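Listed here are the chains, written in short residue letters.
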Amino acid sequence: MRILYSYKGILEEEKVFGDDIIVGRLEGGVEVDLDLRFDRWVSHRHARIWVRDGQYWIEDLGSKNGIAVNGEEIRQKETRRLQPGDTINIGETILRVKIPAELPKGPLRNNMDKLSRFSVYSLSVQPEIIEEEICVFIALSQR
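Residues numbered from 1 in each chain as written. Predicted model: local features only at pLDDT ≥ 70, side-chain atom pairs only at ≥ 80, totals over all residues. Heavy atoms only, no water.

Taking strand neighbours across the sheet as the criterion, the five strands line up as 4-3-5-6-9 in an open arrangement whose pairing is mixed. Edge positions in the sheet fall to strand 4 (34-35) and strand 9 (79-82), since each has one partner strand and no second. Looking at chain direction, strand 3 (residues 20-24) and strand 4 are connected through two bridges and run parallel. Bridge pairing in strand 4 places Gly-24 opposite Asp-35. (Pairing = 2+ DSSP bridges. Helix = DSSP H or I, 4+ residues; strand = E, 2+ residues; numbered from the N terminus.)

In structure tokens, the structure reads:
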């Protein structure tokens, strides 16, 4: 999973992790995957973020100051499913988990397959058709 995090506008970084990480402060022998030791409001083992069956989740691991997802508090031992675009506040650090968009299923998926095959043909024959196809595909996918 990819996580973008920033601290008070001073630090901004993006890191790539596995499918199950611990967020906290790497101090006193406590092991974490995402080390936020620069943020004094972060507990040693503050949160867990993981992926299961294509769904992204966050859990408070008993932190002192909790977690907020889109401004909504998550307290000790609570879990919440993450959605694309969610903003996570841990201490004074802001995290964004980059959640990939799911491929559409059913008829829309069939349309996407047709679009992909047609686009390759169109690109070689009539490149101006590509933009129109993409707009139609986006409109269909938002239904």
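What follows continues from the structure just given.
The subject of this paragraph is the sheet that holds strand 11 (residues 93-98). What links the strands of a sheet is backbone hydrogen bonding, and the strands pair in either a parallel or an antiparallel sense. If you walk across this open sheet you meet the six strands as 2-1-11-10-7-8, and the pairing is antiparallel. The two strands at the open ends of the sheet, each matched to only one other strand, are strand 2 (11-16) and strand 8 (72-74). Within this sheet the neighbouring strands show an average axis-to-axis angle of 25°, counted without direction. (Axes fitted to C-alpha atoms, helices over the stretch in contact; angles between N-to-C directions.)

Further remarks concern the environment of Trp-50. Mapped onto the fold, Trp-50 is located in strand 5 (residues 45-52). Trp-50 sits in the buried class, given a relative accessible area of 7%. Residues Trp-50 and Ile-21, spaced 29 residues apart in sequence, show a C-alpha to C-alpha distance of 6.2 Å. Beyond its immediate chain neighbours, meaning those up to four positions away, Trp-50 contacts Met-1, Asp-19, Asp-20, Gln-55, Tyr-56, Trp-57, Ile-58, Glu-59 and Thr-79. (Buried < 20%, exposed > 50% of the residue type's maximum accessible area, 1.4 Å probe, protein only. Contact = heavy atoms within 4.5 Å.)

Moving on: the pairing of strand 2. Bridge analysis of strand 1 (residues 2-7) against strand 2 gives six bridges, and the strand direction is antiparallel. Counted as the bridge partner of Arg-2 is Val-16 from strand 2. Between strand 1 and strand 2, which pair antiparallel one after the other, the connecting turn spans three residues, and Lys-8 there sits at a positive phi close to 50°.

The next thing to look at is the side chain of His-46. Relative to the elements of secondary structure, His-46 occurs in strand 5. Within the local environment of His-46, its side chain forms a polar contact with the backbone nitrogen of Ser-43, the two atoms lying 2.9 Å apart. Filtering out sequence-adjacent residues up to four positions away, His-46 remains in contact with Val-23, Gly-24, Trp-41, Glu-59, Asp-60, Leu-61, Ser-63, Gly-66, Ile-67 and Ile-90. (Polar contact = N/O pair within 3.5 Å; in protein donor to acceptor, adjacent residues only side chain to side chain.)

Moving on to the pattern of salt bridges. The tally for this structure, following the rule as stated, stands at nine salt bridges. A salt bridge links Arg-80 to Glu-72; its shortest N-O distance comes to 3.6 Å. With a relative accessible area of 21%, Arg-80 lands in the partly exposed category. When its relative accessible area of 49% is taken as the criterion, Glu-72 is described as partly exposed. Here Glu-73 ties to Arg-75 by a salt bridge, and the two come within 3.2 Å at their closest N and O atoms. Among the residues examined, Glu-73 registers a relative accessible area of 52% and is labelled exposed. Judged by its relative accessible area of 39%, Arg-75 is partly exposed. By sharing partners, the salt bridges in this structure join Arg-2, Glu-14 and Lys-98 into a single network. (Salt bridge = Lys/Arg side-chain N within 4 Å of Asp/Glu carboxyl O.)

By themselves, these are just geometric observations and shouldn't be taken as functional.
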